[in-house]
Amino acid sequence: MPIRRHTQARTRVAAAMVLGAGVIAATLVPTAAAQAAANPAPRIIPELQTWTGGEGAFTLDGASRIVADPELAEVATQFAADLEATTGIVAEVVAVADAGASATAADLVLDYDETLSHAAGGELFLDEGYRLSVAADGVEIAAPSAEGAFYGTRTVLQALLQSPGRAQLPVGESIDWPNHEVRGFMLDVGRRFFTPEFVRDYITMMSWYKLNEFQIHLNDNEIQRPAGGWVDAYDGFRLKTDNPAFAGLASEDGAYDRDDWQSFEDAAASHAVTIIPEIDAPAHSRSFIRWKPEIGFDGGDSDHLDLSKPESTETIKAVFDEFTPWFEGPDVHMGTDEYPREGRDDYRTFFNTMAEHIRGLGKQPRAWGSMTVMHGSAEGYDRDVTINAWNNGWYGMASALADGYEFINTNDGDLYVVPFANYYHGNGLNNSSLYGSWLPNKLGSTEVVPAGTPKGAMFAVWNDLVHEDYTELDVHGLMRDSFPVIAQKTWKSTTPALAYGDFTTLQRQVGPGPGLSTIEQGIGTAAAGERSLGAVVTASSSGEDTPPSALTDGRSLSRWATSEDTADVTIDLGATAPTGRVEIDWAGTPPESYDVHVSTDGRFWQHVADDVDGTTGTVQVGGLAARHVAVSDIRSGGGDDIGAWRMSVFSPSPLTTGATATSSGVEAAAFPASLALDGNDATRWSASYVAQPWIAADLGAQQRFGEVVLKWEGASAKDYAVAVSTDGQAWTTVATRTGMAAGARTDTVGFDPVTARHVRVTVTAKNLSPYLSLFELSVPSSAEPEAAITASIEPAQPDRPDGSYTAPPSVTISAAGTAGAISGLQYRVDDGAWAEVSGPIVLDAPGEQRLEYRALVGGIPVAGHGIVTVAAAPSLEVVASVSSRCVAGAAVLSVRAVNGEDRPVAVRIASEFGERSFAVVQPGKNAFHAFSTRSAELPAGEVTVTASAEVEGETVSSTQVLPYEERSCD
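Just so we're clear, the structure is a prediction, and the values are computed from it rather than from any experiment.

Our focus in this paragraph is the UniProt feature "domain: F5/8 type C" (unreviewed entry) in the chain. The UniProt record marks residues 516–618 and 642–782 with the feature "domain: F5/8 type C" (unreviewed entry), using the residue numbering of this structure. Each end of residues 642–782 is marked by a C-alpha atom, and these two atoms are 36 Å apart; helix forms 0% of the span and strand 55%.

Okay, here's the thing in structure tokens:
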């Protein structure tokens, strides 16, 4: 994103906390009285450098506009798109000569002010800093660069994402800037092709956390020479040109053409990210030697260029000449790592030649540091090269500083990941350690150069295992939690205000950002105790692009919505288990009200809460057993749609919530036993290296339980025992496990229920000795709910395909709970009168019936309902009629039955004067009989006509009772 500057200061949104144009002298400090009421800083990744809180909040609405200076028009356009994706609110973009003067109430102002500066931020503030000013009637982002303004929009979006209705910002002011110029990530696509969609997503996601450099390692090959020679080795060169001079260089299994690359540059330009393209030589050069075997050692049986041959260097120059015009960023990386020391003098010549050549192409060269191994020092090496200090042995940060290089911390011990390998963090970086003690000037927790001397830091993925079966989304699963951590420690290089567990919770809340197409296709991450992630959801109605599945997909920016005035949503959790609470993140205008019901079978529902105020997002379920959760009768609050970003169902809080942890010891102070009881799967206890480490939890009081859940890290237990105690002194073993699988896993250990206060896990064998690491020790709650009412039906399942019962079923209703005695157990059917429950209730009326029931459990009212459909009795289409007449002074009763079926039927006609049967009445024919009463007087009465026939092997019958009136024949 280019930096454009001008000299005219801009008028700003009026707010008490906004300073004048020009130098920002200091952060305002409120008085003691104001501090008491001041808004706390919004929680942003990375953390804001400064915050001065005011009172109240700004509320975004449909009238809000984005008003921007012309220099920030592209930033404003991207901001508007991301605002709609993040909040659902559409804001008009207005580009004007003086944004501040053109702003009105409720606007978001983007002000480009090249005179703005800040002493503490210095040049870094000028390049990427901004000032965010929030007043009750407007918001302003002022910055001396387009990059800074863009980063200000990320802060606003993250803050909105966490606010009520995703529409509020706290009044206050932040002056924010990075502590390091380089905040980056490197992806090795040479050894494994990553799709263009994935690359664009990574560029976009990085910007959400204010990371600003994406290095793409464009060529490489497998590490070891195959038995058949290098000709059998896998290699990849990932740029594809139409120039016939380079035919055969690009990989056939995946390469980026000119349009692909331009799409990367466009994504980077609109997201304040710089791409650092890397073409790696003279080692890792199998692709070039495959293309031109004569430039390699041993007649081409090598992955190292033979630098004694001038054509080797000329070939690499030609490659840079061809592709450097594609690259829009100021820096290009030339690789230069891990070349054989025997060729060190040719290597140094190559290093210096390529650095000069890249500068001649208008770019600043970068390289992997190798000088210590190659020559013992940087004597004779070109110093106008930015160095990635990747390994202390090859060339570390201290050496780069002493030799006067600009350098970036890319240390392999801290920042390398080789996916699924048994080296270089094969399961992902040690994020909690990086968050707690690492900084860009450190290796681990040890400072090796003064703070501020590295340009920054970059973490990296190397796909060494070229023959392993994994996908780009598998790689993302290893890396996604590292982006916010590295962003935090490179933007604000201090001890973070949030504990790591709270930081990971914040990370789940803000998500990976808007505008993604690939990396959010997988299921997101579950919060502690969340049961509903990935659950099946149905809704009474939904919009075309807002399906109900969005409610449980774990993605922060997908939503369900409907334009109907009322709606129902049902979540099927897949299994019945105790349920603690339901949390709803409503989208747009909250509903007026809604109901929450739970069920074990999807037929009979206990009412948890009716007519809940729509602004309430959490409903306690109280431990009721549930497989199905219904959020029903959602009534519109007057907005355009009813909608929600997420509906989450949680288990009851485990008994280990708030428990005290002790252990045999810890590997390091950053991994105490308490982290295994904090309810956060991202934090862990790492044991000391004793032979039989143990961890124990004091639940605080005697509890009854029969299960322990252990979530192990990769350094897991092989054999262990679970013991319990009432006093922490005498222990009873309740379960043992042996021969457990290596690697990360979750063990659910069940045993006969016990009453105890303490639980201890003792490990007798490890899978990765001497290491042992446990993310979480949890004792699920087994407490009975205070009050519950349930219903069961017999038969349990309907016998008809349409879900109805042929024969009337019976329903048994019962209430229970720890709150006390049961009273007032009643039921009613279809709004009829309430009646006492005295036994099973037979539902014998045909059609759909609503059964309601209620009771008191120790004074707590409970209620439920269910819908049962009973099929109407089968009938035959036989039309019967009755009439009377007078014959010779006596009454005669005539009955006729016409067969309207397409099959023969049998008919029986019965009256008080006798009966008549017809064995076969053909279709369309009738059965007729006249009964003589032998009396002049015929009192009113009834005739019964019964028809029967064989239908699909079964006898079906129907009966009609026909009344007739009195008749006198006098």
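Read on, since the account is not over.
The amide bond that connects Ile45 to the next residue, Pro46, takes the cis arrangement and shows omega of 0°. Relative to the assigned elements, Pro46 resides in the loop between helix 1 (32–37) and strand 2 (52–59). Omega for the bond connecting Ala281 with Pro282 falls within 30 degrees of zero, at 10°, which places this linkage in the cis form. Checked against the element boundaries, Pro282 lands in the loop between strand 14 (274–281) and helix 8 (286–291). The phi angle at Arg166 is positive, at roughly 55°, despite the residue not being glycine.

Summed over all chains, the structure comprises 39 aromatic pairs. Aromatic side chains Tyr395 and Tyr405 sit 6.1 Å apart centroid to centroid with 90° between the ring planes, which places their arrangement in the edge-to-face category. Taken together, the residues span a long stretch of sequence, with Tyr395 in helix 12 (residues 392–395) and Tyr405 in the loop between helix 13 (397–402) and strand 18 (407–409) at a distance of 10 residues. Each member of the pair, Tyr395 as well as Tyr405, carries the same accessibility label: buried. Plain terms: the ring middles of Phe705 and Phe751 are 6.2 Å apart, the flat faces sit at 80° to each other, and that makes the pair edge-to-face. Of this pair, Phe705 sits in strand 32 (residues 694–712) while Phe751 is found in strand 35 (residues 745–766), placing the two residues 46 residues apart along the sequence. Across the pair, Phe751 and Phe705 agree in class, each one buried. Ring pairing ties together the aromatic residues Phe185, Phe194, Phe198, Tyr202, Phe214, Phe459 and Phe483, which thus form one cluster. The cationic tip of Arg581 hangs over the ring face of Phe650; the distance from NZ or CZ to the ring centre is 3.9 Å.

As a further point, take the side chain of Gln606. By the secondary structure assignment, Gln606 is in strand 27 (residues 604–613). Those residues in contact with Gln606 that lie beyond four places of it in its chain are Val596, His597, Val598, Leu624, Ala787, Ala788, Ile789, Val862, Ala863 and Gly864.

A contiguous patch of negative charge on the surface is contributed by Glu937, Glu965, Glu966 and Asp970. Along the chain, Glu937 turns up in strand 49 (residues 937–938). Taking the relative accessible area as the measure of exposure, Glu937 reaches 40% and is therefore partly exposed.

Glancing now at the packing of helix 17 (residues 482–491) against helix 18 (residues 500–510). At a minimum axis distance of 11 Å, the contact between helix 17 and helix 18 shows a crossing angle of 120°. By crossing handedness, the relation of helix 17 to helix 18 is classed as right-handed. Along the contact surface, helix 17 presents Pro484, Val485 and Gln488, while helix 18 presents Tyr500, Phe503 and Gln507. Looking at the contact of helix 17 with helix 18 residue by residue, the classes come out as four nonpolar, two polar and no charged.

Reading guide: rules and limits
- Residues numbered from 1 in each chain as written.
- Predicted model: local features only at pLDDT ≥ 70, side-chain atom pairs only at ≥ 80, totals over all residues.
- Heavy atoms only, no water.
- UniProt positions renumbered as here; feature names shortened; annotations may be inferred.
- Helix = DSSP H or I, 4+ residues; strand = E, 2+ residues; numbered from the N terminus.
- Phe/Tyr/Trp six-rings, centres within 6.5 Å; stacked < 30°, edge-to-face > 60°.
- Buried < 20%, exposed > 50% of the residue type's maximum accessible area, 1.4 Å probe, protein only.
- Lys NZ or Arg CZ within 6 Å of the ring centre and 35° of its normal.
- Contact = heavy atoms within 4.5 Å.
- Patch = residues over 30% accessible without salt bridge, like charges linked within 9 Å, V, L, I, M, F, W, Y side chains within 5 Å.
- Areas by Shrake-Rupley, 256 points an atom, 1.4 Å probe, with all protein chains shown as cover.
- Salt bridge = Lys/Arg side-chain N within 4 Å of Asp/Glu carboxyl O.
- Lys, Arg positive; Asp, Glu negative; His and termini not counted.
- Charge placed at Lys NZ, Arg CZ, Asp CG, Glu CD.
- Axes fitted to C-alpha atoms, helices over the stretch in contact; angles between N-to-C directions.
- Left-handed = near helix turned anticlockwise from the far one by under 90°.
- Nonpolar A, V, L, I, M, F, W, Y, C, P; charged D, E, K, R; others polar.

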